[in-house]
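The residues making up each chain are set out below.
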Amino acid sequence: MLTTATPRYAAAEPYHWPYDGDLRPENTALIVIDMQIDFCGPGGYVDKMGYDLSNTRAPIEPIKKLMAAMRAAGCTIIHTREGHRPDLLDLPANKRWRSRQIGTNGVGIGDVGPCGRILVRGEPGWEIIDELKPLPGEVVIDKPGKGSFYATDLELVLHTKGIRNIVLTGITTDVCVHTTMRDANDRGFECVILSDCTGATDHGNHLAALKMVTMQGGVFGAVSDSASVIEAVRGV
């Protein structure tokens, strides 16, 4: 378990994280964003759009190892899923229209694909992949948009549990993870994004999103990797 006797940091850029060394299990959460079949599974939404699934599947093994270490340390584990109501009343028309422009078959959000209706709650493709399934009692946040704070109770959950440090993982680096990090930063949370535990449909976008975080002395927080955070939470 982590201790409070001395400051605890994870190696990160552009500063060691968290900034004040106050890294404890009771104030630290791992958020695993949208590791769903629709985003990183065969036949899912990203696959049907024609993107290389290896980019969005790359974070799976590093997240598994990190999650095990943070569970063992007693940190809070939170999972998110992007998806819409079966009646699609929370799906903006322009979002659905744009989703149908990608790929070759005109199938988009809400339409039937190989894994059921795309990004619809309760459908097979909306589920979190087996490799990263939540354990009983772990928080799952269902969100209709990119950011994990929009139209959810995530902020209330974090405050109720006394969380101030957030480790961000999942997909995609440049969209849902970045949006969540920006929103968390604006709410005063101390954030770190992990380079090997995130991925994007385009590797260049992944790298650019990570670089953006390091600007201006860490404009949204810091960038690290799973090995550094595991070392920190294990107290090695």
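Quantities reported herein were computed from a predicted structural model and do not represent experimental measurements.

Q: I'd like a rundown of the sheet that holds strand 6 (residues 165-171), residues and numbers included.
A: A sheet is described by the order of its strands in space; here 6 strands give the open sequence 5-2-1-6-7-8, paired in parallel fashion. Here the strands that pair on one side only, and so sit at the sheet edges, are strand 5 (139-143) and strand 8 (222-224). Neighbour-to-neighbour, the strand axes of the sheet open up by a mean angle of 25°, direction not taken into account. The pairing of strand 2 (residues 76-82) with strand 5 spans 5 bridges and is classified as parallel. Paired with E82 across the two strands is K143, which belongs to strand 5. Contacts from helix 4 (residues 60-73) reach strand 1 (28-33), strand 2, strand 6 and strand 7 (190-199) within the one sheet, and its direction differs from that of strand 1 by about 155°. Packing of helix 8 (residues 203-214) onto the sheet brings it into contact with strand 7 and strand 8, and relative to strand 7 it is tilted by some 160°.

Q: So what's going on with helix 7 (residues 173-186)? Residues and values would help.
A: Along its 14 residues, helix 7 runs 18 Å from first to last C-alpha, staying within 8% of the 20 Å computed at 1.5 Å per residue. Regarding helix 7, the residues found buried are T173, C176, V177, H178, T180, M181 and A184. Looking at the residues trailing helix 7, positive phi occurs at G188, about 90°.

Q: Any chance you could break down the pattern of salt bridges for me, citing the residues and the numbers?
A: Scanning all chains against the criterion turns up 15 salt bridges. With a shortest N-O distance of 3.3 Å, E131 and R57 are connected by a salt bridge. With E131 in the loop between strand 4 (116-117) and strand 5 and R57 in helix 3 (residues 53-57), this residue pair connects regions lying 74 residues apart in the sequence. Where K146 meets E82, a salt bridge forms, and the shortest distance between an N and an O atom there is 3.6 Å. Taken together, the residues span a long stretch of sequence, with K146 in the loop between strand 5 and helix 6 (154-160) and E82 in strand 2 at a distance of 64 residues.

Q: A description of the packing of aromatic side chains should follow, citing residues and the corresponding values.
A: One pass over the structure, following the stated rule, counts 1 aromatic pair. Note on F149 and F189: the rings are 6.2 Å apart at their centroids and 25° apart in plane angle, and the pair reads as stacked. Residue F149 is found in the loop between strand 5 and helix 6, and its partner F189 is found in the loop between helix 7 and strand 7; the two are separated by 40 residues along the sequence. The same class applies to F149 as to F189, namely buried.

Rules used throughout
- Residues numbered from 1 in each chain as written.
- Predicted model: local features only at pLDDT ≥ 70, side-chain atom pairs only at ≥ 80, totals over all residues.
- Heavy atoms only, no water.
- Pairing = 2+ DSSP bridges.
- Helix = DSSP H or I, 4+ residues; strand = E, 2+ residues; numbered from the N terminus.
- Axes fitted to C-alpha atoms, helices over the stretch in contact; angles between N-to-C directions.
- Contact = heavy atoms within 4.5 Å.
- Expected span 1.5 Å × (residues − 1).
- Buried < 20%, exposed > 50% of the residue type's maximum accessible area, 1.4 Å probe, protein only.
- Salt bridge = Lys/Arg side-chain N within 4 Å of Asp/Glu carboxyl O.
- Phe/Tyr/Trp six-rings, centres within 6.5 Å; stacked < 30°, edge-to-face > 60°.

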